[in-house]
Amino acid sequence: MSNSPATATQVPFFRYPHLFQQQRDEILAAVTDVMERGAFILQRDLQEFEAGLRSFLGVEHAWGVANGTDGLIIALRAAGVGPGDEVIVPSHTYVASAASIHFAGATPVLVECGADHLIDPAAVEAAVTPRTRAIMPVQLNGRTCDMDALQRITDRHGLVIVEDAAQGLGSRFRGRPAGTFGAAAEFSFYPAKVLGCFGDGGAVTTNDPQVARRMMLLRDHGRDETGRVVTWGLNSRLDNLHAAILNVKLRHFEGEITRRRQLARLYREGLEGLEDMTLPPGPDGDPDHFDVYQNYEVESGRRDALRAHLEGDGVRTIIQWAGTPVHQFEGLGLGPVHLPRTDRLFTRCFLLPMNTSLTDDEVQYICASIRRFYGRAG
Ligand SMILES: Cc1ncc(COP(=O)(O)O)c(C=O)c1O
């Protein structure tokens, strides 16, 4: 990773062309190979990618799907969630988590997140009703939830876990990777994700052979290995071309996680001690969590002024979900949902740039800009 000085003081939130430029030759070779073979749907590159994902995660079954949202619908349906069921999900998530529950025929029940911005197990416990069938922990910002606490709740009430690991690939809780805990899980390969392709893509995983079979049928028109339709299904296969690109990306993935964790360390060094700011947990010193920093979500008591100041210094920041947690969307028919902690968080939180195109100098530039804002140079 080059660390040339940040001469131009323009730090975009994400550099999409970098996704290609990073491994240009390898990607061009992979794409050309697929094109020349005319291998577009359900071909060997997809099988290789699924095998690569299984071995990376240490999970029994993985299927490539068209996108993470479809993956969640498939994971829920394959895990037996359907009409009449309630699924507990945090409100601090992409609308896709709740939408997938809706499209599986069930009802999303939105709950608060805790200090680390992930689903709060106490809020989950309080939301369980006789209709609750599943919990959907969201492995947000590249951090795995406290899965032990959630597991205790599911054991007590006979529920299943369906993980939304769209943002969590590579993160671990007590050594175990996100995407391997529940009855079923989903990942997204949207371009800005830790493992991003050049469009939409996703995967579903499970250790349960019956869930795995249902996933396979659901993603490909209900067709079995012989091509016979044995049940209803969707057309939601990961394109072979994207699988070939992801095979290249997966080879570089460990190095990219290491880089993201270095960047998180740099942010910590640069921003520690600013009382008005709350930083994400650091990458070191907590043996229970291995975080991959999909995002660097901070809090500030003067968020809007700080963002305007950073913008003036050429640093682009965003607020996740364009600033609206799911329970604040009035058009979803969920009725008034009272989540004061999430409401408060959404007056404070925003994302600093976090991706593998960032140089050390750029992170230091961002930190210096923030310290100037707070009148605390150096
Ligand atoms: C938390 C979360 N859940 C679900 C999704 C849906 O994934 P996709 O955009 O691939 O459908 C995303 C990403 O966009 C996400 O961040």
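Residues numbered from 1 in each chain as written. Predicted model: local features only at pLDDT ≥ 70, side-chain atom pairs only at ≥ 80, totals over all residues. Heavy atoms only, no water.

## With respect to a nonpolar patch on the surface
A cluster of nonpolar residues, Tyr 94, Val 95, Phe 329 and Leu 332, forms a patch on the protein surface that exposes about 340 Å² of accessible area. By the element assignment, Tyr 94 lies in the loop between strand S2 (86-90) and helix H5 (95-103). (Patch = residues over 30% accessible without salt bridge, like charges linked within 9 Å, V, L, I, M, F, W, Y side chains within 5 Å. Areas by Shrake-Rupley, 256 points an atom, 1.4 Å probe, with all protein chains shown as cover. Salt bridge = Lys/Arg side-chain N within 4 Å of Asp/Glu carboxyl O. Helix = DSSP H or I, 4+ residues; strand = E, 2+ residues; numbered from the N terminus.)

## Considerations on the pattern of salt bridges
Taken as a whole and judged by the stated rule, the model has 23 salt bridges. Linking Arg 44 and Glu 48 is a salt bridge whose minimum nitrogen-to-oxygen distance equals 3.9 Å. Taken as a pair, Arg 44 and Glu 48 lie in helix H3 (residues 44-57) at a separation of four residues, close to a single helical turn. Between Asp 284 and Arg 265 there is a salt bridge, and its shortest N-O distance comes to 2.8 Å. Separated by 19 residues along the polypeptide, Asp 284 in the loop between strand S10 (277-278) and strand S11 (289-290) and Arg 265 in helix H10 (residues 253-271) bring together distant segments of the chain. Beyond isolated ion pairs, a larger network of salt bridges with shared partners links Asp 33, Arg 37 and Asp 45.

## Description of the sheet that holds strand S6 (residues 172-173)
Across the sheet, which stays open at both edges, the three strands sit in the order S7-S6-S11 with antiparallel pairing between neighbours. Only two strands of the sheet have a single partner each, and these edge strands are strand S7 (176-177) and S11. Across two bridges, S6 lies against S11 in antiparallel orientation. In the strand pairing of S11, Arg 172 is matched with Phe 290. (Pairing = 2+ DSSP bridges.)

## Remarks on the site of the ligand
Every one of the 14 residues lining the ligand counts as a neighbour, but Gly 68, Thr 69, Asp 164, Ser 188 and Lys 193 are closest to it. A distance of 2.7 Å separates a nitrogen atom of the ligand from a polar atom in the side chain of Asp 164. The contact in question runs from an oxygen atom of the ligand to an N or O atom on the side chain of Ser 188, over 2.7 Å. Out of a free accessible area of 380 Å², the ligand has 93% covered by protein chains. Within the residue set of the shell around the ligand, elements represented by two or more residues are helix H4 (68-78) and H5. For the shell around the ligand, the class distribution of residues is four nonpolar, eight polar and two charged. (Near = heavy atom within 4 Å. Polar contact = N/O pair within 3.5 Å; in protein donor to acceptor, adjacent residues only side chain to side chain. Nonpolar A, V, L, I, M, F, W, Y, C, P; charged D, E, K, R; others polar.)

## Some points on the nonpolar core
Of all hydrophobic cores here, the largest spans 81 residues; its most connected members are Met 215, Tyr 267, Tyr 296, Leu 352 and Ile 370. One finds Leu 46, Leu 169, Phe 187 and Ile 257 within the second-largest nonpolar core, a separate group that totals 22 residues. (Core = buried A, V, L, I, M, F, W, Y, C linked by side-chain atoms within 4.5 Å. Buried < 20%, exposed > 50% of the residue type's maximum accessible area, 1.4 Å probe, protein only.)

## Looking at unusual backbone geometry
Located in the positive-phi region is Arg 174, a residue other than glycine, with phi close to 50 degrees. You can see Arg 174 is positioned in the loop between S6 and S7. What makes Arg 174 partly exposed here is its relative accessible area of 49%. The phi angle at Tyr 293 is positive, at roughly 55 degrees, despite the residue not being glycine.

## With respect to the packing of aromatic side chains
For any pair of aromatic rings, the description rests on two quantities: the centre-to-centre distance and the angle between the ring planes. For the coordinates displayed, the defined rule picks out eight aromatic pairs. A ring pair is formed by Phe 56 and Phe 253, whose centres lie 5.5 Å apart and whose planes are at 65 degrees; its orientation type is edge-to-face. Highlighted residues: Phe 56 in helix H3 and Phe 253 in helix H10, separated in sequence by 197 residues. Overall, Phe 56 belongs to the partly exposed group, its relative accessible area being 25%. Connected via pairs of aromatic rings, a cluster forms that spans Tyr 267, Tyr 293 and Tyr 296. (Phe/Tyr/Trp six-rings, centres within 6.5 Å; stacked < 30°, edge-to-face > 60°.)

## What about the side chain of Asp 220?
Relative to the elements of secondary structure, Asp 220 occurs in the loop between helix H8 (209-219) and helix H9 (240-251). Looking at Asp 220, its side chain comes within polar contact range of the side chain of Arg 237, at 2.9 Å. If near-sequence neighbours (up to four positions away) are discounted, Asp 220 is found in contact with Leu 42, Leu 234 and Arg 237. (Contact = heavy atoms within 4.5 Å.)

## Let's talk about helix H7 (residues 147-157)
By the burial criterion, the buried members of H7 are Met 147, Ala 149, Leu 150, Ile 153 and Thr 154. Buried residues of H7 fall within an arc of 160 degrees about the axis and therefore sit on the same side. Among the exposed residues of H7, those pointing more than 90 degrees away from its buried face are Arg 152, Asp 155 and Arg 156. Tucked into the core, H7 has its buried residues touching helix H6 (121-127), strand S4 (132-135), strand S5 (160-164) and S6. With a side-chain oxygen lying 3.2 Å from the backbone nitrogen of Asp 148, the N-terminal cap of H7 falls on Asp 146. Where H7 ends, the next residue or the one after it, Gly 158, has phi of about 65 degrees, a positive value. (Arc of directions from axis to C-beta.)

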